[in-house]
Amino acid sequence: MDSLVLAKKIADICYKKLGQDTIVLDMSNDSILCDYFVISDGQTSNQLRDMCTTIDHELSQDGIEPKSIQGKNGNIWTLMDYNSVVVHLFITGDRRFYNLEGLWNSAPIVYSPDANQTEDTTATDATKPVD
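**Student:** Can you walk me through the overall build of the protein chain in this structure?
**Tutor:** A count of helical and extended segments in the protein chain gives five helices and six strands. Moving toward the C terminus, one meets the helices and strands of the protein chain in the order α-β-β-α-β-β-β-α-α-β-α. Sequence separation of 24 or more characterises 60% of the internal contacts of the protein chain that already satisfy a separation of 6 or more. Per element, the accessible surface of the protein chain, about 7400 Å² overall, is 50% carbon and sulfur.

In structure tokens, the structure reads:
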């Protein structure tokens, strides 16, 4: 699976599990460790655990296994390493504290399911583009 497709799939899973402010950062020009970061936050450690478990389960069904998962059991920051895609799941306030978006501010946001869902649900059938 292409790295961007994988990152978008993970972001969409976060969105479906009520992750907030989910974004995909293009890290290809800023890091040799991965191509994309997926960053999302949740209100509780239980929500983060649910997001992590769902991501792991759905990707495993596609034969994609993480290289490692750190902070899976109730921490404020869960990190999932899928080689070319690294997932950061935070408790809301802690995400602001660590400020990965600020640290990597030269990395462009290439996808946000929050923005895409808003666009899709506000457009009426008459205003949606025809293929």
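**Student:** Whenever I open this one, the nonpolar core confuses me. Can you help?
**Tutor:** When a protein is soluble and globular, its nonpolar side chains tend to lie buried together. Grouped together as the largest cluster of nonpolar side chains are 22 residues, with contacts concentrated most on Ile-10, Val-38, Ile-55, Tyr-82, Val-85, Val-87 and Leu-89. Elements that contribute at least two residues to this core include exactly helix H1 (3-16), strand E2 (36-42), helix H2 (45-61) and strand E5 (85-91). By residue number, the principal contributor to this core is H1, which donates six residues. Those residues within four positions of Ile-55 in sequence are excluded, and the remaining contacts are Ile-10, Ile-13, Cys-14, Met-80, Tyr-82, Val-87 and Leu-89.

**Student:** I would appreciate a short explanation of the pattern of salt bridges in the present structure.
**Tutor:** One side chain can pair with another of opposite charge once the charged atoms of both are near each other. The final tally for this structure, using the stated rule, is four salt bridges. The salt bridge partner of Asp-62 is Lys-9, with a shortest N-O separation of 2.4 Å. You can see Asp-62 sitting in the loop between H2 and strand E3 (68-70) and its partner Lys-9 sitting in helix H1, a full 53 residues away along the chain. Asp-41 is paired through a salt bridge with Arg-95; the nearest N and O atoms lie 2.6 Å apart. Remark: Arg-95 occurs in helix H3 (residues 92-98) and Asp-41 occurs in strand E2; sequence separation between them is 54 residues. Here Asp-41 matches Arg-95 in class, with each residue buried. A single salt-bridge network, built from bridges that share partners, covers Asp-41, Arg-95 and Glu-101.

**Student:** Help me understand the sheet that holds E2, please; the structure alone is not making it clear to me.
**Tutor:** Adjacent strands of a sheet form backbone hydrogen bonds with each other and so pair up, either parallel or antiparallel. Here we have six strands laid out as an open sheet, ordered E3-E4-E5-E2-E1-E6, and mixed in their pairing. The strands lining the two open edges of the sheet, one partner per strand, are E3 and strand E6 (109-111). Across this sheet, the average inter-strand angle for adjacent strands is 25°, counted without regard to direction. Strand direction decides the pairing type here: strand E4 (residues 77-81) and E5, joined by five bridges, are antiparallel. Looking across to E5, one finds that Thr-78 is bridged to Leu-89. Contacts between H1 and the sheet are confined to strand E1 (20-26), E2, E5 and E6, with E2 contributing the most and set at about 0° to the helix. Packed on one face of the sheet, H2 meets E2, E3, E4 and E5 and runs near 160° to E5.

Conventions we followed
Residues numbered from 1 in each chain as written. Predicted model: local features only at pLDDT ≥ 70, side-chain atom pairs only at ≥ 80, totals over all residues. Heavy atoms only, no water. Helix = DSSP H or I, 4+ residues; strand = E, 2+ residues; numbered from the N terminus. Contact = heavy atoms within 4.5 Å. Areas by Shrake-Rupley, 256 points an atom, 1.4 Å probe, with all protein chains shown as cover. Core = buried A, V, L, I, M, F, W, Y, C linked by side-chain atoms within 4.5 Å. Buried < 20%, exposed > 50% of the residue type's maximum accessible area, 1.4 Å probe, protein only. Salt bridge = Lys/Arg side-chain N within 4 Å of Asp/Glu carboxyl O. Pairing = 2+ DSSP bridges. Axes fitted to C-alpha atoms, helices over the stretch in contact; angles between N-to-C directions.

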